[in-house]
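Reading the structure
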Amino acid sequence: MPPITTAVAMLDTFQAVSYGTGMASRPRHTDAHVEAALAAAEERGWRVEKATGGHAHVWGRMLCPQATREGCIAFIHSTPRNPQSHARNLQKRVDGCPHQENCEQGEFP
Amino acid sequence: MSDKPMCEREYDFSLILSGVTELTEDKAEALFAAGCDDATPSVIYGRVWLEFSRVATSYKNAVLSAIRDVRRANIGADVERIDECNLVTLSEIARKIGKTPQYVHQLVTGARGPGRFPPPECHLTDTVLLWAWCTVSFWLTESNIVRPEVVEDLDTAYLINSALEELRDGRCPQPTATESLKKELAAL
(Lines give C-alpha, C1' and ligand atoms only; values in the text may rest on other atoms or scores of the structure.)
Protein backbone atom coordinates (compact mmCIF):
# COMPACT_ATOMS: atom_id res chain seq x y z
CA MET A 1 0.00 0.00 0.00
CA PRO A 2 1.46 3.43 -0.85
CA PRO A 3 1.46 6.01 1.92
CA ILE A 4 -1.67 8.19 2.03
CA THR A 5 0.17 11.27 0.70
CA THR A 6 1.28 9.30 -2.37
CA ALA A 7 -2.22 8.01 -2.88
CA VAL A 8 -3.59 11.58 -2.76
CA ALA A 9 -0.93 12.71 -5.23
CA MET A 10 -1.90 9.85 -7.55
CA LEU A 11 -5.54 10.84 -7.27
CA ASP A 12 -4.65 14.45 -8.13
CA THR A 13 -2.74 13.29 -11.19
CA PHE A 14 -5.68 11.16 -12.29
CA GLN A 15 -8.08 14.14 -11.97
CA ALA A 16 -5.68 16.36 -13.88
CA VAL A 17 -5.66 13.84 -16.69
CA SER A 18 -9.39 13.35 -16.79
CA TYR A 19 -10.41 16.99 -16.40
CA GLY A 20 -7.37 19.11 -17.08
CA THR A 21 -6.91 18.33 -20.75
CA GLY A 22 -10.35 19.58 -21.75
CA MET A 23 -11.01 16.30 -23.56
CA ALA A 24 -12.25 14.42 -20.55
CA SER A 25 -13.45 10.89 -21.08
CA ARG A 26 -16.93 11.82 -19.97
CA PRO A 27 -19.97 10.30 -21.66
CA ARG A 28 -21.37 12.38 -24.51
CA HIS A 29 -24.87 13.83 -24.34
CA THR A 30 -27.07 12.16 -26.94
CA ASP A 31 -28.44 15.48 -28.23
CA ALA A 32 -26.07 17.31 -30.56
CA HIS A 33 -27.18 20.81 -29.47
CA VAL A 34 -26.74 20.07 -25.78
CA GLU A 35 -23.43 18.26 -26.38
CA ALA A 36 -22.12 21.27 -28.32
CA ALA A 37 -23.09 23.55 -25.40
CA LEU A 38 -21.26 21.25 -22.96
CA ALA A 39 -18.13 21.17 -25.13
CA ALA A 40 -18.22 24.98 -25.44
CA ALA A 41 -18.53 25.28 -21.65
CA GLU A 42 -15.56 22.94 -21.15
CA GLU A 43 -13.48 25.09 -23.47
CA ARG A 44 -14.13 27.99 -21.13
CA GLY A 45 -12.97 26.06 -18.09
CA TRP A 46 -16.25 24.54 -16.93
CA ARG A 47 -16.30 20.96 -15.68
CA VAL A 48 -19.05 18.60 -16.83
CA GLU A 49 -20.07 15.81 -14.48
CA LYS A 50 -22.40 12.94 -15.31
CA ALA A 51 -25.06 12.31 -12.67
CA THR A 52 -24.52 9.25 -10.55
CA GLY A 53 -27.95 8.78 -9.01
CA GLY A 54 -29.59 6.95 -11.91
CA HIS A 55 -32.15 9.71 -12.45
CA ALA A 56 -34.72 9.64 -15.22
CA HIS A 57 -34.32 13.32 -16.20
CA VAL A 58 -31.09 14.70 -14.76
CA TRP A 59 -28.21 13.90 -17.11
CA GLY A 60 -25.60 15.68 -15.04
CA ARG A 61 -24.35 19.11 -14.07
CA MET A 62 -21.70 21.56 -15.09
CA LEU A 63 -19.57 23.61 -12.72
CA CYS A 64 -17.85 26.90 -13.45
CA PRO A 65 -14.07 27.48 -13.10
CA GLN A 66 -14.62 28.76 -9.53
CA ALA A 67 -14.37 25.28 -8.04
CA THR A 68 -15.65 26.24 -4.59
CA ARG A 69 -19.02 26.33 -2.92
CA GLU A 70 -19.50 29.85 -4.34
CA GLY A 71 -19.07 28.68 -7.93
CA CYS A 72 -21.92 28.45 -10.47
CA ILE A 73 -23.66 25.14 -11.13
CA ALA A 74 -26.09 24.39 -13.96
CA PHE A 75 -28.08 21.18 -14.34
CA ILE A 76 -28.28 19.29 -17.60
CA HIS A 77 -31.45 17.51 -18.71
CA SER A 78 -31.15 14.15 -20.48
CA THR A 79 -34.26 14.68 -22.64
CA PRO A 80 -35.20 18.39 -22.48
CA ARG A 81 -38.52 19.45 -23.96
CA ASN A 82 -36.66 21.62 -26.47
CA PRO A 83 -32.96 20.64 -26.71
CA GLN A 84 -32.02 23.77 -28.66
CA SER A 85 -33.51 26.04 -26.00
CA HIS A 86 -31.83 24.03 -23.24
CA ALA A 87 -28.49 24.33 -25.03
CA ARG A 88 -29.02 28.08 -25.45
CA ASN A 89 -29.88 28.50 -21.76
CA LEU A 90 -26.82 26.50 -20.66
CA GLN A 91 -24.73 28.78 -22.87
CA LYS A 92 -26.39 31.80 -21.27
CA ARG A 93 -25.23 30.61 -17.84
CA VAL A 94 -21.66 30.26 -19.09
CA ASP A 95 -21.74 33.75 -20.61
CA GLY A 96 -23.23 35.22 -17.45
CA CYS A 97 -20.85 33.52 -15.02
CA PRO A 98 -19.56 36.19 -12.59
CA HIS A 99 -16.40 34.19 -11.85
CA GLN A 100 -14.84 34.38 -15.29
CA GLU A 101 -11.24 35.59 -15.32
CA ASN A 102 -11.95 38.05 -18.10
CA CYS A 103 -14.88 39.58 -16.20
CA GLU A 104 -14.56 43.33 -16.65
CA GLN A 105 -14.42 45.33 -13.45
CA GLY A 106 -17.12 47.61 -14.86
CA GLU A 107 -19.55 44.71 -14.96
CA PHE A 108 -19.73 44.67 -11.17
CA PRO A 109 -22.46 46.84 -9.73
CA MET B 1 -50.56 19.26 -39.16
CA SER B 2 -49.84 20.39 -35.60
CA ASP B 3 -52.64 20.16 -33.08
CA LYS B 4 -51.22 23.16 -31.23
CA PRO B 5 -53.15 26.42 -31.63
CA MET B 6 -51.34 28.78 -33.97
CA CYS B 7 -51.12 31.49 -31.33
CA GLU B 8 -48.70 29.54 -29.11
CA ARG B 9 -45.07 30.59 -29.06
CA GLU B 10 -41.99 30.15 -26.92
CA TYR B 11 -41.39 32.65 -24.11
CA ASP B 12 -37.98 33.03 -22.48
CA PHE B 13 -37.95 34.14 -18.86
CA SER B 14 -36.04 33.38 -15.70
CA LEU B 15 -37.54 32.62 -12.30
CA ILE B 16 -35.66 33.22 -9.03
CA LEU B 17 -36.44 30.74 -6.27
CA SER B 18 -36.57 31.15 -2.53
CA GLY B 19 -36.50 28.48 0.15
CA VAL B 20 -33.53 26.60 -1.34
CA THR B 21 -29.91 27.71 -1.42
CA GLU B 22 -28.49 24.72 -3.22
CA LEU B 23 -29.74 22.21 -5.75
CA THR B 24 -29.04 18.52 -5.44
CA GLU B 25 -29.54 16.05 -8.26
CA ASP B 26 -32.70 14.85 -6.47
CA LYS B 27 -34.15 18.37 -6.32
CA ALA B 28 -33.32 19.04 -9.97
CA GLU B 29 -34.91 15.69 -10.84
CA ALA B 30 -38.08 16.64 -8.93
CA LEU B 31 -38.26 19.98 -10.79
CA PHE B 32 -37.82 18.31 -14.19
CA ALA B 33 -40.38 15.62 -13.34
CA ALA B 34 -42.93 18.21 -12.16
CA GLY B 35 -43.03 19.83 -15.60
CA CYS B 36 -39.97 22.08 -15.50
CA ASP B 37 -38.33 20.03 -18.26
CA ASP B 38 -38.25 23.22 -20.33
CA ALA B 39 -36.13 24.94 -17.66
CA THR B 40 -32.40 25.03 -17.02
CA PRO B 41 -31.79 25.14 -13.26
CA SER B 42 -28.65 26.83 -12.00
CA VAL B 43 -27.13 28.09 -8.76
CA ILE B 44 -25.10 31.28 -8.39
CA TYR B 45 -23.89 32.45 -4.95
CA GLY B 46 -26.51 30.36 -3.16
CA ARG B 47 -29.41 31.62 -5.28
CA VAL B 48 -31.35 29.22 -7.50
CA TRP B 49 -32.43 30.32 -10.99
CA LEU B 50 -34.67 28.52 -13.47
CA GLU B 51 -34.17 29.67 -17.04
CA PHE B 52 -37.40 28.79 -18.85
CA SER B 53 -38.13 28.54 -22.58
CA ARG B 54 -41.82 27.75 -22.38
CA VAL B 55 -44.39 27.39 -25.15
CA ALA B 56 -47.69 29.04 -24.17
CA THR B 57 -50.49 31.21 -25.53
CA SER B 58 -49.25 34.27 -23.61
CA TYR B 59 -46.37 35.48 -21.47
CA LYS B 60 -48.66 35.48 -18.43
CA ASN B 61 -49.75 31.87 -19.02
CA ALA B 62 -46.14 30.81 -19.51
CA VAL B 63 -44.99 32.35 -16.22
CA LEU B 64 -47.99 31.31 -14.10
CA SER B 65 -47.83 27.69 -15.29
CA ALA B 66 -44.09 27.67 -14.55
CA ILE B 67 -44.72 28.93 -11.00
CA ARG B 68 -47.32 26.15 -10.60
CA ASP B 69 -44.81 23.54 -11.79
CA VAL B 70 -42.15 24.78 -9.34
CA ARG B 71 -44.65 24.42 -6.49
CA ARG B 72 -45.68 20.97 -7.72
CA ALA B 73 -42.06 19.79 -7.48
CA ASN B 74 -42.48 20.04 -3.71
CA ILE B 75 -38.80 20.66 -2.93
CA GLY B 76 -39.41 23.36 -0.33
CA ALA B 77 -38.93 26.09 -2.92
CA ASP B 78 -41.21 28.84 -4.15
CA VAL B 79 -40.83 31.52 -6.78
CA GLU B 80 -39.45 34.76 -5.34
CA ARG B 81 -39.76 36.75 -8.56
CA ILE B 82 -39.27 36.83 -12.31
CA ASP B 83 -35.71 37.95 -13.02
CA GLU B 84 -36.82 41.35 -14.29
CA CYS B 85 -35.80 44.22 -12.05
CA ASN B 86 -38.12 47.24 -12.03
CA LEU B 87 -35.15 49.54 -11.46
CA VAL B 88 -33.33 49.99 -14.74
CA THR B 89 -30.41 51.95 -16.12
CA LEU B 90 -30.68 54.10 -19.21
CA SER B 91 -28.83 51.41 -21.22
CA GLU B 92 -31.27 48.78 -19.98
CA ILE B 93 -34.25 50.92 -21.07
CA ALA B 94 -32.62 51.20 -24.50
CA ARG B 95 -32.09 47.43 -24.68
CA LYS B 96 -35.68 46.72 -23.67
CA ILE B 97 -37.14 48.89 -26.45
CA GLY B 98 -34.52 48.08 -29.07
CA LYS B 99 -33.03 51.59 -29.27
CA THR B 100 -29.57 53.03 -28.57
CA PRO B 101 -28.66 54.53 -25.17
CA GLN B 102 -28.02 57.82 -27.02
CA TYR B 103 -31.63 57.80 -28.27
CA VAL B 104 -32.99 57.24 -24.74
CA HIS B 105 -30.68 59.96 -23.38
CA GLN B 106 -32.25 62.37 -25.86
CA LEU B 107 -35.71 61.38 -24.61
CA VAL B 108 -34.55 62.04 -21.03
CA THR B 109 -33.16 65.50 -21.82
CA GLY B 110 -36.15 66.39 -24.02
CA ALA B 111 -33.99 66.83 -27.14
CA ARG B 112 -36.28 64.19 -28.69
CA GLY B 113 -39.89 63.30 -27.93
CA PRO B 114 -42.56 65.30 -26.11
CA GLY B 115 -40.44 65.98 -22.99
CA ARG B 116 -41.27 65.38 -19.31
CA PHE B 117 -39.54 61.97 -19.26
CA PRO B 118 -40.08 60.45 -15.78
CA PRO B 119 -37.39 61.47 -13.28
CA PRO B 120 -34.89 58.85 -12.04
CA GLU B 121 -35.57 57.00 -8.77
CA CYS B 122 -32.07 56.73 -7.28
CA HIS B 123 -28.38 56.09 -7.94
CA LEU B 124 -26.93 52.68 -8.73
CA THR B 125 -23.39 54.08 -8.42
CA ASP B 126 -22.14 57.68 -8.11
CA THR B 127 -22.53 58.20 -11.85
CA VAL B 128 -25.24 55.71 -12.86
CA LEU B 129 -28.93 56.48 -12.29
CA LEU B 130 -31.87 54.12 -12.05
CA TRP B 131 -35.39 54.63 -13.39
CA ALA B 132 -38.56 52.72 -12.46
CA TRP B 133 -39.44 50.62 -15.51
CA CYS B 134 -43.21 50.73 -14.79
CA THR B 135 -43.19 54.56 -14.93
CA VAL B 136 -40.92 54.76 -17.98
CA SER B 137 -42.95 52.14 -19.83
CA PHE B 138 -46.18 54.07 -19.23
CA TRP B 139 -44.58 57.28 -20.50
CA LEU B 140 -43.14 55.55 -23.58
CA THR B 141 -46.52 54.17 -24.66
CA GLU B 142 -48.52 57.31 -23.72
CA SER B 143 -46.08 59.37 -25.81
CA ASN B 144 -46.37 56.94 -28.74
CA ILE B 145 -42.61 56.34 -28.64
CA VAL B 146 -43.16 52.56 -28.57
CA ARG B 147 -46.17 50.42 -29.40
CA PRO B 148 -47.90 48.82 -26.37
CA GLU B 149 -47.05 45.29 -27.54
CA VAL B 150 -43.31 46.07 -27.29
CA VAL B 151 -43.54 46.53 -23.52
CA GLU B 152 -46.58 44.34 -22.80
CA ASP B 153 -44.68 41.28 -21.52
CA LEU B 154 -42.29 43.41 -19.43
CA ASP B 155 -45.26 45.22 -17.88
CA THR B 156 -46.85 41.83 -17.11
CA ALA B 157 -43.58 40.74 -15.46
CA TYR B 158 -43.71 43.88 -13.30
CA LEU B 159 -47.32 43.15 -12.28
CA ILE B 160 -46.59 39.50 -11.43
CA ASN B 161 -43.53 40.56 -9.40
CA SER B 162 -45.62 43.15 -7.53
CA ALA B 163 -48.24 40.50 -6.74
CA LEU B 164 -45.58 38.02 -5.57
CA GLU B 165 -44.08 40.75 -3.38
CA GLU B 166 -47.43 41.58 -1.82
CA LEU B 167 -48.07 37.91 -1.08
CA ARG B 168 -44.61 37.78 0.55
CA ASP B 169 -45.22 40.78 2.83
CA GLY B 170 -46.25 38.48 5.65
CA ARG B 171 -42.71 37.17 5.92
CA CYS B 172 -40.80 40.43 6.10
CA PRO B 173 -37.51 39.70 7.90
CA GLN B 174 -37.99 42.57 10.38
CA PRO B 175 -41.75 43.07 10.77
CA THR B 176 -41.55 44.92 14.10
CA ALA B 177 -38.90 47.36 12.91
CA THR B 178 -40.82 48.03 9.70
CA GLU B 179 -44.07 48.65 11.56
CA SER B 180 -42.45 51.04 14.01
CA LEU B 181 -40.74 52.95 11.15
CA LYS B 182 -44.09 53.28 9.38
CA LYS B 183 -45.56 54.84 12.53
CA GLU B 184 -42.61 57.23 12.90
CA LEU B 185 -42.91 58.34 9.28
CA ALA B 186 -46.66 58.88 9.51
CA ALA B 187 -46.21 61.00 12.65
CA LEU B 188 -43.67 63.44 11.13
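Higher on the page you've got the structure.
Note that this is a predicted model, so its numbers are computed, not measured.

1. Brief notes about the nonpolar core
With 36 residues, the main nonpolar core has B:Phe13, B:Leu15, B:Leu17, B:Leu31, B:Phe52, B:Val63 and B:Val70 as its most contacted residues. With seven residues, helix α2 (residues 59-73) of chain B is the single largest residue contributor to this core. Apart from residues no more than four positions distant in its own chain, B:Phe52 is found in contact with A:Asn89, B:Tyr11, B:Asp12, B:Phe13, B:Leu15, B:Cys36, B:Asp38, B:Ala39 and B:Ala66. One finds A:Trp59, A:Ala87, A:Cys97 and B:Ile44 within the second-largest nonpolar core, a separate group that totals 19 residues.

2. Quick word on the packing of aromatic side chains
Residue and element names in this part refer to chain B. By the definition in use, this model includes five aromatic pairs over all chains. Centroid distance Tyr11 to Tyr59: 6.2 Å. Interplanar angle 75°. Geometry classified as edge-to-face. Of the two residues, Tyr11 is situated in strand β1 (residues 9-18) and Tyr59 in helix α2; the sequence distance between them amounts to 48 residues. For the pair formed by Tyr11 and Tyr59, the shared burial category is buried. Ring geometry for Phe13 versus Tyr59: centroids 6.1 Å apart, planes at 70°, classification edge-to-face. Taken together, the residues Phe13 in strand β1 and Tyr59 in helix α2 connect sequence positions 46 residues apart. Each member of the pair, Phe13 together with Tyr59, is buried. Pairwise contacts between aromatic rings join Tyr11, Phe13, Phe52 and Tyr59 into one cluster. The ring of Trp133 is capped by Lys96, whose NZ or CZ atom sits 5.5 Å from the centre of that ring. In this structure, Lys99 is placed above the aromatic ring of Tyr103, and the distance from its NZ or CZ to the ring centre is 4.9 Å.

3. A short note on the sheet that holds strand β1 (residues 47-50) of chain A
Ordered in space as β1(A)-β2(A)-β3(A)-β2(B)-β3(B)-β1(B)-β4(B), the seven strands form an open sheet in which the pairing is antiparallel. In this open sheet, the two edge strands, each paired with only one partner strand, are β1 of chain A together with β4 (78-82) of chain B. Pairwise comparison of adjacent strand axes, ignoring direction, gives a mean angle of 30° for this sheet. In terms of strand pairing, strand β2 (residues 58-63) of chain A meets strand β3 (residues 73-77) of chain A through five bridges, oriented antiparallel. Bridge pairing in β3(A) places A:Gly60 opposite A:Ile76. The sheet contacts of helix α2 (residues 32-43) of chain A involve β1, β2 and β3 of chain A, and relative to β2(A) the element is tilted by about 25°. This element, α2(B), spans β1, β3 (47-56) and β4 of chain B of the sheet and lies at about 40° to β1(B).

Criteria and thresholds
Residues numbered from 1 in each chain as written. Chains lettered and ligands numbered in written order. Predicted model: local features only at pLDDT ≥ 70, side-chain atom pairs only at ≥ 80, totals over all residues. Heavy atoms only, no water. Core = buried A, V, L, I, M, F, W, Y, C linked by side-chain atoms within 4.5 Å. Buried < 20%, exposed > 50% of the residue type's maximum accessible area, 1.4 Å probe, protein only. Helix = DSSP H or I, 4+ residues; strand = E, 2+ residues; numbered from the N terminus. Contact = heavy atoms within 4.5 Å. Phe/Tyr/Trp six-rings, centres within 6.5 Å; stacked < 30°, edge-to-face > 60°. Lys NZ or Arg CZ within 6 Å of the ring centre and 35° of its normal. Pairing = 2+ DSSP bridges. Axes fitted to C-alpha atoms, helices over the stretch in contact; angles between N-to-C directions.

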